[in-house]
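# Tertiary structure, described
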Amino acid sequence: MSGLVDRHVAFVEALRAAGLPVSLAEDVDAARAITRLPLDDREILRTAYAATLVKRETHRSAFDALFDLYFPALVGAGRTAREDEEVGDDAGPQDTGPALKDFQQRMAEAMSAGDRDAQLELAIEAVGTFGFLPGRGPRMSSFSAYQALKRTAPEELVAQIVEGLMSRGLDEDSARRRAAGTIAAFRQMVEGDALRRIAEEKGAEHVAKTTVRPTIDKLDFSSARAADLEQMRREIYPLARRLATRLTQEHHSRRRGPLDFRRTVRASISTGGVPLVTHQKPKRPHRNELVVLCDVSGSVAKFAQFTLLLVFALRDQFTKVRAFTFVDHVHEVTDHFRPGADVADVMAELAAATSQAALWGRTNYGRAFSKFTESYADALGPKTSLLVLGDARSNYSDLQLDVFADMVDSCRHTWWLNPEHTRNWGAGDSAAPRYAEIAPMVECRNLTQLGEFVHDIL
Amino acid sequence: MTTWFKTPDHAREQLDSTGYLADPATATTAYLAGELGKPLLVEGPAGVGKTELAKAVARSTGADLVRLQCYEGLDEARALYEWNYKKQLLAIQMSGTGGHGDAAPVWDDIFTDEFLLTRPLLTAIRREEPTVLLIDEVDKTDVEVEGLLLEVLSDFQVTIPELGTISAVRRPFVLLTSNATRELSEAVKRRCLYLHLGYPDAERERDILLTQVPDLDRTLAGQVVETVARLRELELKKAPSIAESVDWARTLIALEIRDLDPEAVSRTLGVVLKHSSDHDRAIRELKLL
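Here is what the cut-offs are and how they apply
- Residues numbered from 1 in each chain as written.
- Chains lettered and ligands numbered in written order.
- Predicted model: local features only at pLDDT ≥ 70, side-chain atom pairs only at ≥ 80, totals over all residues.
- Heavy atoms only, no water.
- Helix = DSSP H or I, 4+ residues; strand = E, 2+ residues; numbered from the N terminus.
- Buried < 20%, exposed > 50% of the residue type's maximum accessible area, 1.4 Å probe, protein only.
- Contact = heavy atoms within 4.5 Å.
- Areas by Shrake-Rupley, 256 points an atom, 1.4 Å probe, with all protein chains shown as cover.
- Buried area = accessible area lost by both parts, 1.4 Å probe.
- Salt bridge = Lys/Arg side-chain N within 4 Å of Asp/Glu carboxyl O.
- Nonpolar A, V, L, I, M, F, W, Y, C, P; charged D, E, K, R; others polar.
- Core = buried A, V, L, I, M, F, W, Y, C linked by side-chain atoms within 4.5 Å.
- Domains from an automatic or database assignment.
- Polar contact = N/O pair within 3.5 Å; in protein donor to acceptor, adjacent residues only side chain to side chain.
- Expected span 1.5 Å × (residues − 1).
- Pairing = 2+ DSSP bridges.
- Axes fitted to C-alpha atoms, helices over the stretch in contact; angles between N-to-C directions.

### Some thoughts on the overall build of chain A
Counting its regular elements, chain A contains 19 helices and eight strands. Sorting the 458 residues of chain A into buried and exposed places 45% on the buried side. Looking at chain A alone, contacts between residues at least 24 apart form 71% of all its contacts between residues at least 6 apart. If you sum the accessible surface of chain A, you get close to 23,200 Å²; carbon and sulfur atoms cover 52% of it.

Structural data, given as structure tokens:
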């Protein structure tokens, strides 16, 4: 039992290190929960830990990764090891030529049959045989998922799997989708198993520190991979909805307008004519016009798109929203955001429209600002809030600080969102500190910061 | 203490027998909630069976369901208890006409059980029979109501200043549901077990359809599940959930459609997708035209 307690404590520590807020009370709950359960099923243990320790769905992937490290499904090569020993006497190396061919053949069969257990065993075998990196001494060897996947090359089998699935009565379209899904799942199995073995060699703490990624709402826009971006995009609408709900509730709780005489008297009748509770008229909400001016050059394009989507998802909080993109030229993109438009389409249109914001393709903030005042000066007025998005990296060109200062003066509020970490402001060609003297600049690197910022300005 | 379920497997069998097909995680968590005597917070998209879970727990254990539907502006008087002031006024007037002087005893008398109107939270706590307390859509309330819930959720008691503290005679099985439109406070989350209900896998969803829509044919159910699964992969504003697939299956039965071909899908797509942009996207991606 003491071994289990140590494991439990180490696991909770690792969860905290990964950013999950696990309180002492929850820790105790988890320990109580696992004593009430049959411990012969790993999935039940996982569920018990998840129910007691993880209170937010976005934390679930980090939890699962750590759970696999601290409570691995098997030790060493597991069941596949025995088979290896049986054929171990054969001449020749295990991981080249015919062995590889044979492995690919078995992999294709398992994948077209849709046999998950067989696939899992193959993944374990792939890491053990093809992903093994021998070291000089004990505890120096390691495993590489990259190596294993590169050598076994599951992608080469797509055609074969599709054929296999079609012979089972699927049409080509769904066979292709199924094959792609199976291979992606196999890659994940291999990656997971490699991590498990490294954790076994070097300790779970070591792996937990280096491999667990931040949750999607804390992930930097700049370090997001393609799959992360898609997930973030799916988060935009829920985020907007949460913000809108929170805003309405806060506005309601702050509605202290003038006394509503009629309602107060009406309510006093139920207390015998004594006005115990006063009722106020709701305050009229104060709404701004918003102008968004965003840098869409390569380095910050993703960040700009997210912010634009979020702003437009919240458009009913403003009287009017106009959006402009720039690289070294300014282009209006307001038209792309039709009410109820499809997110994926809007993103594609925005990407296509980027070329119209660039003449030479080198970011030039100074030129963009002066072009903006030339062509769209009417967009700014005393009721307007101006939101500038960009990293303020202007390729050492003329910054046109006075033009920007004029723009700021003509608006009610100005904010500048910078997707870079504060410590990088002013490094290299970044003009962030100089622009920050004119307009308040806010660091905004992930969805959480973005959500907080948008909430604060509304 | 009541035993709600004996083991995780028992929980699963019991829930199955009422027609709620729970996955292992749901069954285990429901078992734990009963065993540890902790409230269970269920979160997930609309229409995946969160409220239904509470009803199934009540049905399978023979308990009664007490429901508190949350909405914006819900307050103490409608969630916990209220003094029946009309009755209190009458009592004061009655005693006033009776005689002079002794008004003091009346002031004590009007704060008794007789004048107390219990609302769902207090009702659930005072019941002596097994009770399932469902606090539905807790994210719709104001933050202050969460504070009100804390005492109930952690100690299963309610403090009424005039009467004192009323503790639970028998701990109810508390289930809170949330659509996550708002982040609940850490204090509430800390006191609850947490379960995220997502979309079920294909096989379970087919079984759910077959239990909910008895006339449904197996192959048609398979087709519905497969199409819905594809729709969920698309980037939609509102992905169809189980409630929508059940509606869809019922629609197909009503229209006597036996085979879900592209034409049938595009004719009945309105049952599953509720946004016009989602509609357009689905038609384009599934190549329906």
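### Details of the interface of chain A and chain B
Contact with chain A, which involves 39 residues of that partner, is made by 37 residues of chain B. Buried surface at the junction of chain A and chain B, both sides included, amounts to about 3,300 Å², of which 48% is carbon and sulfur. Our enumeration of links across chain A and chain B arrives at three salt bridges. A salt bridge links Arg-36 of chain A to Glu-35 of chain B, with the shortest nitrogen-to-oxygen separation between them at 3.3 Å. Elements with a minimum of two residues in the side of chain A that touches chain B: helix H2 (24-35), helix H3 (42-53), helix H10 (172-202), helix H12 (226-253) and helix H15 (343-353) of chain A. A per-class count over the side of chain A that touches chain B returns 14 nonpolar, nine polar and 16 charged.

### Looking at the pattern of salt bridges
Residues and elements named next belong to chain A. In total, this model carries 30 salt bridges over all chains according to the counting rule given. Residue Asp-102 pairs with Arg-106 through a salt bridge whose shortest N-O separation is 3.5 Å. Note that Asp-102 and Arg-106 are positioned in helix H6 (residues 97-113) at a spacing of four residues, about one turn of the helix. Residue classification places Arg-106 among the partly exposed positions, given a relative accessible area of 29%. The salt bridge involving Arg-393 is made with Asp-429; its shortest N-O contact spans 3.0 Å. Note that Arg-393 is positioned in the loop between strand S6 (384-389) and helix H17 (401-410) and Asp-429 in the loop between strand S7 (413-418) and helix H18 (432-436), a separation of 36 residues in sequence.

### Points about the side chain of Thr-29 of chain B
Turning to its location among the elements, Thr-29 of chain B is positioned in helix H2 (residues 24-36). What Thr-29 of chain B contacts, discounting residues up to four positions off in sequence, is Thr-47 and Ala-51 of chain A together with Leu-40, Leu-193, Tyr-194 and Leu-195 of chain B.

### Some points on the nonpolar core
Residue and element names in this part refer to chain A. Counting 84 residues, the largest nonpolar core has Phe-11, Tyr-49, Leu-53 and Tyr-70 as its most contacted members. It is H10 that contributes the most residues to this core, nine residues altogether. If near-sequence neighbours (up to four positions away) are discounted, Phe-11 is found in contact with Tyr-49, Leu-53, Phe-63, Leu-66, Phe-67, Tyr-70 and Phe-71. If you look at the next biggest cluster of nonpolar residues, it comprises 44 residues, including Leu-243, Ala-353, Ala-357 and Leu-389.

### Topic: the domain arrangement of chain B
Residue and element names in this part refer to chain B. When the domains of chain B are assigned, the result is domain 1 (8-73 + 121-196), domain 2 (81-118) and domain 3 (202-285). Inter-centroid distance (C-alpha atoms) of domain 1 to domain 3 is 31 Å. Each partner contributes residues to the interface: domain 1 has nine residues there, and domain 3 has nine residues. Counting the surface lost from both domain 1 and domain 3, the interface buries some 610 Å², and carbon and sulfur atoms represent 56% of this. Seen at the junction of domain 1 and domain 3, the total is five residue pairs in polar contact (both at pLDDT 80 or more). Its residues assigned to classes, the side of domain 1 that touches domain 3 comprises five nonpolar, two polar and two charged.

### Looking at unusual backbone geometry
Residues and elements named next belong to chain A. A positive phi angle, near 60°, is found at Ala-392, a position not held by glycine. Relative to the elements of secondary structure, Ala-392 occurs in the loop between S6 and H17. For Ala-392, a relative accessible area of 0% gives the class buried.

### Topic: helix H12 (residues 242-254) of chain B
Residues and elements named next belong to chain B. With 13 residues, H12 should reach 18 Å at 1.5 Å per residue; the first-to-last C-alpha distance of 18 Å fits that figure. For H12, the complete set of buried residues consists of Ile-242, Glu-244, Ser-245, Val-246, Trp-248, Ala-249 and Leu-252. On the buried face of H12, the contacting elements are helix H10 (202-212), helix H11 (218-233) and helix H13 (262-268). Following H12 by one or two positions, Glu-256 adopts a phi angle in the positive range, close to 55°.

### Details of the sheet that holds S7 of chain A
Hydrogen bonds along the backbone pair up the strands of a sheet, which may run parallel or antiparallel. All names here are of chain A. The six strands are arranged S5-S4-S3-S6-S7-S8 in an open sheet whose pairing can be described as mixed. In the strand order of this sheet, the two ends are held by strand S5 (330-332) and strand S8 (441-443), each with one partner. Taking the axes of each pair of neighbouring strands and ignoring which way they run, one obtains an average angle of 25° across the sheet. Here strand S3 (residues 289-295) pairs with strand S4 (residues 320-326) via seven bridges, running parallel. Paired with Val-291 across the bridge in S4 is Arg-322. Docked against the sheet, helix H19 (residues 447-457) engages S6, S7 and S8, running at close to 180° with respect to S7.

### Details of H10 of chain B
Within H10 of chain B the residues assigned to the buried category are Arg-204, Glu-205, Ile-208, Leu-209 and Leu-210 of chain B. In this structure, the buried residues of H10 of chain B make contact with helix H1 (8-17), H2, H11 and H12 of chain B.

### Notes on the domain arrangement of chain A
Residues and elements named next belong to chain A. Examined at the domain level, chain A breaks down into domain 1 (2-70), domain 2 (96-211) and domain 3 (287-457). The C-alpha centroid of domain 2 is placed 28 Å from the C-alpha centroid of domain 1. Between domain 1 and domain 2, the residue contacts involve four residues of the former and seven residues of the latter. Buried surface at the junction of domain 1 and domain 2, both sides included, amounts to about 410 Å², of which 74% is carbon and sulfur. Connecting domain 1 to domain 2 are zero salt bridges. Counting across the domain 1 and domain 2 interface gives zero residue pairs in polar contact (both at pLDDT 80 or more).

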